[in-house]
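Chain and residue survey
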Amino acid sequence: MIKKNWMGTMSRLILCVAAGVSLSGGAHAQDAKAGNIQITNAYTRATVPGQQVAGGFMKIENAGAADQLLSVSSPVAGEVQLHEMAMDGTVMKMRQVKDITVPANGSVELKPGGLHLMFMNIKAPLSAGETVPVKLKFAKAGEVELKMPVNAMGGSMHMH
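Residues numbered from 1 in each chain as written. Predicted model: local features only at pLDDT ≥ 70, side-chain atom pairs only at ≥ 80, totals over all residues. Heavy atoms only, no water.

The secondary structure content of the protein amounts to one helix and eleven strands. Starting at the N terminus and ending at the C terminus, the protein contains elements arranged as α-β-β-β-β-β-β-β-β-β-β-β. Within the protein, the fraction of its 160 residues that count as buried is 34%. The contacts of the protein with a sequence gap of at least 6 include a subset with a gap of at least 24, amounting to 67%. Surface summary for the protein: the accessible area is close to 9,300 Å², and the carbon and sulfur share equals 58%. (Helix = DSSP H or I, 4+ residues; strand = E, 2+ residues; numbered from the N terminus. Buried < 20%, exposed > 50% of the residue type's maximum accessible area, 1.4 Å probe, protein only. Contact = heavy atoms within 4.5 Å. Areas by Shrake-Rupley, 256 points an atom, 1.4 Å probe, with all protein chains shown as cover.)

Structural data, given as structure tokens:
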């Protein structure tokens, strides 16, 4: 009987620990949709005091005609720019782009080392576990609002 109760207690303990780990693993990406546009896996990274910029990443899927991401805004930053990183010979360069095309019945991924959002003049450090309100403006789909989770620095993802 003692062995049976011990096993039941251990099973409950393992379930509680597993639930705690899954809940404390940081903020999870919020999906959002407007018209034919679906946003998935959106996130940014935590910043340190004094850091003025941060990257924003997501997948944008389009179930209709070609569209363009025209602009992004967020109250946590003075400005949010659309950026791309690309090789210029042997040098990786980052530059602002006018818009980001989302192909008809296709998708575009904003990720480290490629197309991404650039939060400029961040007003306060972004802390892991928080969410950042973001508004994306598309030419056809209109505005999409979402809360972008802030993930811890480092981890398995490359730093921006």
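Next comes the rest of the write-up.
Below, the discussion takes up the environment of K111. In this fold, K111 is placed in the loop between β8 (107–110) and β9 (116–122). When its relative accessible area of 43% is taken as the criterion, K111 is described as partly exposed. Separated by 54 residues in sequence, K111 and F57 place their C-alpha atoms 5.1 Å apart. Setting aside residues no more than four positions away along its own chain, K111 makes contact with F57 and H116.

Side-chain alternation along β8 places V108 and L110 on a buried face and S107 and E109 on a face that remains uncovered. Bridge count for strand β3 (residues 53–62) against β8 is four bridges, and the pairing is antiparallel. If you follow M58 over to β8, its bridge partner there is L110. (Pairing = 2+ DSSP bridges.)

This part takes up the packing of aromatic side chains. Overall, the coordinates contain one aromatic pair when judged by the stated rule. Ring centres of Y43 and F57 lie 5.1 Å apart, and the angle between their planes is 40 degrees; this geometry places the pair in the tilted category. Residue Y43 is found in strand β2 (residues 37–45), and its partner F57 is found in strand β3; the two are separated by 14 residues along the sequence. Comparing Y43 with F57 shows no difference in burial state: the two are buried. (Phe/Tyr/Trp six-rings, centres within 6.5 Å; stacked < 30°, edge-to-face > 60°.)

Summing up the model confidence of the protein, the mean pLDDT is 82 and the portion of residues at 70 or higher is 77%. Of the regions scoring below 50 in pLDDT, residues 5–27 engages in six contacts with residues more than four places distant in sequence or in other chains. Here residues 155–160 is modelled with pLDDT under 50, and outside its nearest four sequence neighbours on either side it reaches 14 contacts, counting other chains as well. (pLDDT = per-residue confidence, 0-100.)

This next bit is on the pattern of salt bridges. For the coordinates displayed, the defined rule picks out five salt bridges. The partner of K98 in a salt bridge is D99, with the nearest N and O atoms 4.0 Å apart. The closest approach of N and O atoms between K135 and E145, which form a salt bridge, is 3.9 Å. On the criterion of sequence distance, the pair formed by K135 in strand β10 (residues 131–138) and E145 in strand β11 (residues 142–151) is long-range, its members being ten residues apart. Look at the salt bridges and you will find they share partners, linking K135, E143 and E145 into a network. (Salt bridge = Lys/Arg side-chain N within 4 Å of Asp/Glu carboxyl O.)

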